[in-house]
Every structure is written in structure tokens, then in C-alpha cells.
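Examining the three-dimensional arrangement
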Amino acid sequence: MSEFFRPADVVTRTRNRRRQRVRAIAGLLANVLVVGSLVGGGWLVWTNARSDERFSINRVELDPSPRSDDPEVLRIIEGLKGRNLFSTDLDSIRAELGGIDGIREATVEKVVPDGLRIAISERRPVAIWRATHGDVFVDETGREFRTWSGAEEAVSLPSIVNAESRRIAPAVRFIAELRQTDPELAGALVSLEPLEHDQWAIVDSRLGTTIKVAEKDVIDKWRLLYAIALREQWEPQSVAYADLRFERQIVVNHDIRRPTGGSDHGEK
């Protein structure tokens, strides 16, 4: 007896496919509704938080620093109180604090539910620029400022004299590199004047005179001059100036009555 195979039920198969599609669409819509509900709920929570008085700034923690009592800093901090914590723009606070003279940067963090934490770092001067618009401090980037908590220590800072603004950055770089390479020579530096082609006129406190140097070999030549001064037992201020910019000689003017630009030089 041969078996009888029924042909596929086309109507049933079509009906099953439709049911599967309906289930898939229903599942997708359900997922969309869930996600929409979560997003909408989150948006409502965020919107309420940005206007809820419970999240008003009531305390500002200021890390101790030399500028903690600065009137400008305290004024800005006082103006923050009462603002909503979540709607407060931290970048604008950082910019406002960083714009105060003598402040290098500020970090600001939110402390939920009602606080801010602020830390301030002060600019550190490398030298004093004797500018035409008045004496100002300059930091390692050449940025000028007038306010520094350690102003009583300013007497130990070297001066940059007769310098245009475009020469300040190279000057502070020269001073910073000298401090790192030879702190003793850096400590003898009273003032620095830019000359042409990466050359400088230095007032040396140990010799009490002006030394003209080329930046590329300043330390070696300066040290050699000290050796000569020790060998010949120079008295402080007994030399009008020394010029160390030449390739194989050091030019010294012992006649302190003659101007720095005089033509009579003693060679060593």
C-alpha cells in the first residue's frame, strides 16, 4: 500500500507567517515604549533636578591656597550660592576664576546634593619685567601678572630690562633653563637684557659687572670667566664689563670709568 503525502497547506503557512510578523512588530513596539518611557522619565527627573530648590548650592569647599582669601575669589564664590547645582556651568566658573590676575588655573567639581569643591593654583614668577607700562611679574610661559602672594620674595627674582614683549618668552625660557642646568649661575643673575641673535647682557652679582653672552655656550664661558677672576683675584666691581660672545677669546674692560660701548678692551 503506497503512502499518500498531502501537499503543504498554503493557507496555514501564510497565516503562521502573519502571526510571527505581528508578534515581532508588537515586541518592537513594546521595546520602543519601554525605552521612550525611560527616556521621558529621565528627562523629567533631570528637568526637575535643574529647578528643584533641594539642589541649590549651599556650600562651597575652597582648598587652602595662598589665594584663598583673595577678595575677587571670595566675591565669585559668594555669587555661586543659591544657584542650582545641576544647571551651573562649571567651565564658566573655571574661566572666571582663571581670569583673576595672578591665578594660573582653577578646578571646580560638583558635590551632590548641594555643594562645589574648588581648588586654585597661583602663577609663579620667573622674573620681573621692567616694562614701559610698569613692573610686572612674568611666569614660565611669559604671561605677565601683577598679583603674587609671595611678593616679599620679589627681591630675589632677576629682572628683564629693555625688552619688548616679543622677547619676554625667550628670556624666561633662558632663565628657567639656566636654573635647571646651573643653579649657582642662575643665583648670580641680577638682570637680563636681550641683545641681537640670541645674545644677552647679564648683570652678575658676584663680579658686580655686566657680562655679554651668546646663549649657545653661556655656561662654559661664564664659568671660564669665574676661573679667570679667581686666578687674578678680581675685586667685586673691578671690571666694567666682560664680553664672552667671541669664538676663542674673552674680552674684558677693566676701566670702570669708560662706558660699556667703549672700544678699549683687555683680552684674556
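Check the entry above for the structure.
What you are looking at is a predicted structure, and each value in this text was computed from that prediction instead of being measured.

About the thresholds
Residues numbered from 1 in each chain as written. Predicted model: local features only at pLDDT ≥ 70, side-chain atom pairs only at ≥ 80, totals over all residues. Heavy atoms only, no water. Pairing = 2+ DSSP bridges. Helix = DSSP H or I, 4+ residues; strand = E, 2+ residues; numbered from the N terminus. Phe/Tyr/Trp six-rings, centres within 6.5 Å; stacked < 30°, edge-to-face > 60°. Buried < 20%, exposed > 50% of the residue type's maximum accessible area, 1.4 Å probe, protein only. Lys NZ or Arg CZ within 6 Å of the ring centre and 35° of its normal. Arc of directions from axis to C-beta. Contact = heavy atoms within 4.5 Å. Polar contact = N/O pair within 3.5 Å; in protein donor to acceptor, adjacent residues only side chain to side chain. Salt bridge = Lys/Arg side-chain N within 4 Å of Asp/Glu carboxyl O.

What about the pairing of strand S2 (residues 103-111)?
Across eight bridges, S2 lies against strand S3 (residues 115-122) in antiparallel orientation. From the neighbouring strand, Glu105 faces S3, where its bridge partner is Ser121. Counted between consecutive antiparallel strands, the loop separating S2 from S3 contains three residues.

Description of the packing of aromatic side chains
The geometry of two aromatic rings is summed up by the distance between their centres and the angle between their planes. A full pass over the atoms with the stated rule returns four aromatic pairs. With a centroid separation of 5.7 Å and an interplanar angle of 40°, the aromatic rings of Phe137 and Phe145 are classed as tilted. Phe145 matches Phe137 in its accessibility class, with the two residues each being buried. The interplanar angle of 75° and the centroid separation of 5.5 Å between the aromatic rings of Phe137 and Trp148 together place this pair among those described as edge-to-face. Of this pair, Phe137 sits in strand S5 (residues 134-138) while Trp148 sits in the loop between strand S6 (144-145) and strand S7 (159-160), placing them eleven residues apart in sequence. Using a relative accessible area of 10% as the deciding quantity, one classes Phe137 as buried. With relative accessibility at 8%, the residue Trp148 sits in the buried group. An aromatic cluster is built from Phe137, Phe145 and Trp148, whose rings are joined through pairwise contacts. Here the guanidinium or amino end of Arg167 rests over the ring plane of Trp200, the centre of that ring lying 5.7 Å away. The residue whose ring lies beneath Lys212 is Tyr241, and the NZ or CZ to ring-centre distance is 5.6 Å.

Quick notes on helix H3 (residues 90-98)
Among the residues making up H3, those that are buried are Leu90, Ile93, Leu97 and Gly98. Buried residues of H3, viewed axially, fall in a sector of 125°; they line one side. Across from the buried face of H3, at angles greater than 90 degrees, the exposed residues are Asp91 and Ala95. Considering only its buried residues, H3 is in contact with helix H2 (71-80), S2 and S3. For H3, the N-terminal cap is Asp89; the gap from its side-chain oxygen to the backbone nitrogen of Asp91 is 3.1 Å.

A closer look at the side chain of Arg167
When you line up the elements, Arg167 lands in the loop between S7 and helix H4 (168-181). A polar contact of 3.0 Å, which involves the side chain of Arg167, links it to the backbone oxygen of Leu195. The residues contacting Arg167, other than those within four sequence positions of it, are Pro194, Leu195, Gln199 and Trp200.

Quick notes on the pattern of salt bridges
Evaluation of the coordinates by the stated rule reveals 22 salt bridges. The salt bridge partner of Glu184 is Arg223, with a shortest N-O separation of 2.8 Å. Here Glu184, found in helix H5 (residues 183-188), pairs with Arg223, found in helix H6 (residues 218-231); they are 39 residues apart in sequence, far enough to count as distant. One connected set of salt bridges, linked through shared partners, spans Arg59, Glu61, Glu109, Asp114 and Arg117.

These figures capture arrangement, not role.
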